[in-house]
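# Coordinates in review
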Amino acid sequence: MFLYFKKTKLFIVELFQESRPLIVPEKVLFLGVLLVSVIGFSQEKEEETLDTERVVIVKAYTPTISDAFKIKSTPEINDSIVQQKKQIRYSIFSVPVASTYTPVKGKAANIDRPKPIKIYDNYATLGFGNFTSVLAEFYSNFQLNRSDNVGLYLHHNSSQGGIEEVKLDDKFYNTSLDLNYTTRTRDYTHGIELGVEHQLYNWYGLPEELALTPEEINLIDPEQSYIGVKLGGKLQFDNLYFKKAAVQYRYFTDAMKSKENRLVAQPTFEFEAGDNLITTNFIVDYLKGTFDRSSDLAFETENRYTYLNFGANPSLVILRDNLTINLGAAIYYSIDEGNDDNDLFIYPKVTASYRLLEESVTAYGGLEGGLFQNSYRDAVLQNPFVSPTLLIAPTNKLYDAYVGLKGKISDLVSYNIKGSYVSENSKPLFVSNRRNTSLLEPEGYDYGNSFSYRYDDIKTISGYGELKFEVNKKFTLGMSAEYFQYTLEKEAIAWNLPELKASATIDYQINTNWFAGAQLFYQGERKDIDNLAVAVIDQPEPTITLDAFFDANVNLGYRLSDKLSFFVKGNNLMGENYQRWANFPVQGIQFLGGVTYKFNY
């Protein structure tokens, strides 16, 4: 089929030849249709309609190039009215402006980059102060090869005493040595550690009202020493479900022939379940100890204790955008061999945190519990003046329910606010021992100058607040305060537990060479048993009140070079001989100066 035009009439011709259609180029067809549309709209309504004719050609059609004609790209318009485009001319109004600006060639800004601080693998510190005090530290790390290294740490702190109005020797020293060996490979890390500790203290806290002659005081031997040995190992895998394991054995003894052995093993398994992480911690805790005397000071009977605790703590970690949830539980089975008593404990282990406003506000909370095995060594670390007659038992923390908010007020200030409610069964409290007058040959701790454990079921409500200011990289300030309210089952008072504690820490890098810092501590009033007063049946137990105290410690240092620096420390600058424990005043104002040297082999 092809089309041709004659004036305003459209002629359509269909050609048939051997049943084969004639293929007309698409461009030609399109232009033809376009021309029809233009002409149709340009005519008036009164014009006659287009006619069509059908012509059947019997003769075969053989097209030639001369039969084709070129359609103009711009068709002629035969409208009666043709609008002419209005010619538009543009011009500007130019006014010269005087300028005194002279361009200057720019320079790239220089960035002041601080000189990187060189890090050394080893250091040694030595200092001396009043009360004939000595501070010595030494740390060294030997890199044997790319995967193996050996570490050594030695610490010593001692004083020859000299507290005013103290009738017994009050010297002390604390020395520890730790060695470790670690190997790191592509798939796992393992290491072993060995440690030795030696501490010496004196039960110098005789009650002021205790009537003793100078001869009787001279017969008292208040010295007590502790020796501890530890041996442990760790193993950690990177690509196994068996994630890590740690084993540690401790042996602890004292000058009074007390002995304690403890073995703790903690394997951990971890694997993924979809987008979540499932972790299971196991624990085996074995404790066995012996005291030459029981907690009943009237009888010199041997005091033995043996506990074996098995525990498992499975947990599921769920991460959803700003929400993190840890769903878990803890199961313990405790065997008390000394009393033939076995118990099963089940605790919640649920924590959650949600970011409300990016880094500004994060809400968190939890409900957690656990079984905590007390030991003789743990008691000595808290109070070195305990008597070797303690009653050792585990503490059953039923739950610790807490909620809080943390985040940043600005780029310089961060905060943490927390409130909690804790329920604990068999929580140990330190109380003063009464004087033992029934022994013909009393020990150095039998004069009302030592402490023992009392257990009670305690519920504690506490509130905690913390603020940290990081003004810049040179100055940081941290403050915290905590309030406690206790409810006891048997005891009338939460012995030696304060209702308020507060602290502040300041670090200031004065310039490249000088640096300073301060630590401030406040502890509220506490109460203890008046071990010289006579107790009356059905009457409240006589008590004494330990005053609140404030302790200020300041340090100042000068860095002579990257390797060598000098320091001066001042402790208890308020000069108050406050009592950390009943009848045990601390040293007054203390000053200590020394030097630190860093080096590499």
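The numbering scheme is per chain: residues are counted from 1 as the chain's sequence reads. Only residues with pLDDT of 70 or above have their local features reported here, since the model is predicted, and side-chain atom pairs are shown and tallied only from 80 upward, although totals for entire chains, interfaces and linings are computed over all residues. Note that water and hydrogens are dropped before the side-chain values are worked out from all heavy atoms of the structure.

## Looking at the overall build of the chain
Numbering of helices and strands starts at the N terminus; helices are DSSP runs of H or I of at least 4 residues and strands are runs of E of at least 2. Of regular secondary structure, the chain possesses 3 helices and 28 strands. To sort residues, take the accessible area from a 1.4 Å probe on protein chains only and compare it with the maximum for the residue type: under 20% means buried, over 50% means exposed, and anything in between is partly exposed. Among the 601 residues that make up the chain, the fraction classed as buried is 33%. By the convention used here, residues are in contact when the closest approach between their heavy atoms is within 4.5 Å. Residue pairs in contact within the chain that sit at least 24 positions apart in sequence constitute 58% of those at least 6 positions apart. Only the protein chains shown count as cover for residues, and all accessible areas are computed by the Shrake-Rupley method using a 1.4 Å probe. As displayed, the chain offers around 39000 Å² of accessible surface, 57% of which is attributable to carbon and sulfur atoms.

## Notes on a nonpolar patch on the surface
Patch membership requires over 30% relative accessible area and the absence of a salt bridge. Like charges are linked within 9 Å, and nonpolar side chains (Val, Leu, Ile, Met, Phe, Trp, Tyr) within 5 Å. By salt bridge we mean one thing: a side-chain nitrogen of Lys or Arg within 4 Å of a carboxyl oxygen of Asp or Glu. A cluster of nonpolar side chains, Leu 154, Leu 177, Leu 179, Leu 194, Val 196, Ile 227, Val 229, Leu 231, Val 247, Tyr 249 and Leu 263, forms an exposed patch at the surface whose accessible area comes to about 830 Å². Secondary structure elements with two or more residues in the nonpolar patch: strand S6 (172-184), strand S7 (188-202), strand S8 (223-237) and strand S9 (242-254). Looking at which element gives the most residues to the nonpolar patch, the answer is S8, with 3 residues.

## Quick word on the nonpolar core
Most often, soluble globular proteins have nonpolar side chains that are buried together. The nonpolar core is taken to be a set of buried Ala, Val, Leu, Ile, Met, Phe, Trp, Tyr and Cys residues, with the residues joined through side-chain atoms within 4.5 Å. Judged by nonpolar contacts, the single largest core of 35 residues is most densely connected at Tyr 376, Phe 385, Val 386 and Leu 390. Of all elements in the fold, only strand S11 (276-291), strand S12 (303-320), helix H3 (376-382) and strand S18 (451-472) reach the threshold of two or more residues within this core. Once you skip the residues sitting within four places of it in the chain, Tyr 376 turns out to touch Gln 224, Tyr 226, Phe 252, Asp 254, Ser 258, Glu 260, Phe 291, Tyr 305, Val 386, Pro 388, Leu 390 and Ile 392.

## Topic: a negative patch on the surface
A surface patch of negative charge is lined by Asp 169, Asp 221, Glu 223, Asp 292, Glu 441 and Glu 443. One can find Glu 223 in strand S8. A relative accessible area of 33% places Glu 223 in the partly exposed class. When charges are tallied, Lys and Arg are placed among the positive residues and Asp and Glu among the negative ones, while His and the ends of the chain are skipped. By convention, the charge on Lys lies at NZ, on Arg at CZ, on Asp at CG and on Glu at CD.

## Observations regarding the packing of aromatic side chains
Under the pairing criterion, centres of Phe, Tyr and Trp rings, with the six-membered ring standing for Trp, must be within 6.5 Å; the plane angle then separates stacked pairs below 30 degrees from edge-to-face pairs above 60, leaving the rest tilted. The final tally for this structure, using the stated rule, is 34 aromatic pairs. Here Tyr 241 and Phe 271 contribute two aromatic rings whose centre-to-centre distance is 6.0 Å and whose plane-to-plane angle is 75°, an arrangement assigned as edge-to-face. Residue Tyr 241 is located in the loop between S8 and S9, and its partner Phe 271 is located in strand S10 (residues 259-273); the two are separated by 30 residues in the primary sequence. What makes Tyr 241 exposed here is its relative accessible area of 61%.

## Thoughts on the pattern of salt bridges
This structure, assessed with the given rule, holds 12 salt bridges. Across the pair Arg 377 and Glu 197 runs a salt bridge whose closest N-O atoms are separated by 2.9 Å. Of this pair, Arg 377 sits in helix H3 while Glu 197 sits in strand S7, and the two are 180 residues apart along the sequence. Both residues of the pair, Arg 377 and Glu 197, count as buried. Its salt-bridge partner being Arg 454, residue Glu 541 comes within 3.1 Å of it at the nearest N-O pair. Here Glu 541, found in the loop between strand S22 (526-529) and strand S23 (543-546), pairs with Arg 454, found in strand S18; they are 87 residues apart in sequence, far enough to count as distant. Note on Glu 541: relative accessible area 28%, which makes it partly exposed. A relative accessible area of 25% places Arg 454 in the partly exposed class. The network of salt bridges with common partners includes Arg 434, Arg 454, Glu 491 and Glu 541.

## A few points about the pairing of S18
In regular strands, side chains alternate between the two faces of the sheet. With 18 bridges joining them, strand S17 (residues 413-432) and S18 adopt antiparallel strand pairing. Considered in S18, the bridge of Val 422 is made with Thr 460. What makes two strands pair is DSSP finding at least two bridges between them. Note: S18 against strand S19 (residues 475-488), 14 bridges, orientation antiparallel. Bridging from a neighbouring strand, Ile 458 pairs with Leu 488 of S19. Turn length for the S18-S19 hairpin, with the two strands adjacent in sequence and antiparallel, is 2 residues.

## Examining the side chain of Asn 396
Considering the arrangement of structural elements, one finds Asn 396 in strand S16 (residues 394-408). Within the structure, the side chain of Asn 396 is placed 2.5 Å from the side chain of Tyr 347, a separation counted as a polar contact. Beyond its immediate chain neighbours, meaning those up to four positions away, Asn 396 contacts Phe 345, Tyr 347, Gly 370, Leu 371, Ser 423, Glu 424 and Asn 425. Polar contacts, as used here, are pairs of N or O atoms within 3.5 Å; protein pairs need one atom able to donate a hydrogen and one able to accept it. Residues neighboring in sequence count only if both atoms are side-chain atoms.

## A look at the side chain of Ser 159
Assignment of secondary structure puts Ser 159 in strand S5 (residues 148-159). For Ser 159, the side chain forms a polar contact with the main-chain oxygen of Phe 131, separated by 2.9 Å. Among all residues touching Ser 159, those that are not within four sequence positions of it are Phe 131, Thr 132, Ser 133, Lys 171, Phe 172 and Gln 587.

## Notes on unusual backbone geometry
Phi is mostly negative for residues that are not glycine, and the peptide bonds are mostly trans. For Asp 321, which is not glycine, the phi torsion reads 50° and is therefore positive. Inspection of the secondary structure assignment puts Asp 321 in the loop between S12 and strand S13 (323-336). Backbone geometry places Asn 583, a non-glycine residue, at a positive phi of 70°.

## A look at the environment of Lys 468
Tracing the backbone through its elements, the reader meets Lys 468 in strand S18. In this structure the C-alpha to C-alpha distance between Lys 468 and Met 479, which are 11 residues apart in sequence, comes to 6.4 Å.

## What to know about the environment of Asn 436
By secondary structure assignment, the location of Asn 436 is in the loop between S17 and S18. Among the residues examined, Asn 436 registers a relative accessible area of 8% and is labelled buried. Taking the C-alpha atoms as reference points, Asn 436 and Tyr 447, 11 residues apart in sequence, are found 6.4 Å from one another.

## Thoughts on the confidence of the model for the chain
Per residue, pLDDT measures the predictor's confidence, with a range of 0 to 100. For the chain, per-residue confidence averages 86 on the pLDDT scale, and residues scoring 70 or more make up 84% of the total. This stretch, residues 1-31, has a pLDDT under 50; its non-local contacts, to residues over four places away or in other chains, come to 44 contacts. Counting contacts from residues 36-48, a segment whose pLDDT is below 50, to residues more than four positions away or on other chains yields 4 contacts.

## A word on the environment of Ile 227
Turning to its location among the elements, Ile 227 is positioned in strand S8. C-alpha of Ile 227 to C-alpha of Tyr 251: the two residues are 24 residues apart in sequence and 8.3 Å apart in space. Other than its neighbours up to four places away in sequence, Ile 227 contacts Glu 197, His 198, Tyr 251, Phe 252 and Thr 253.

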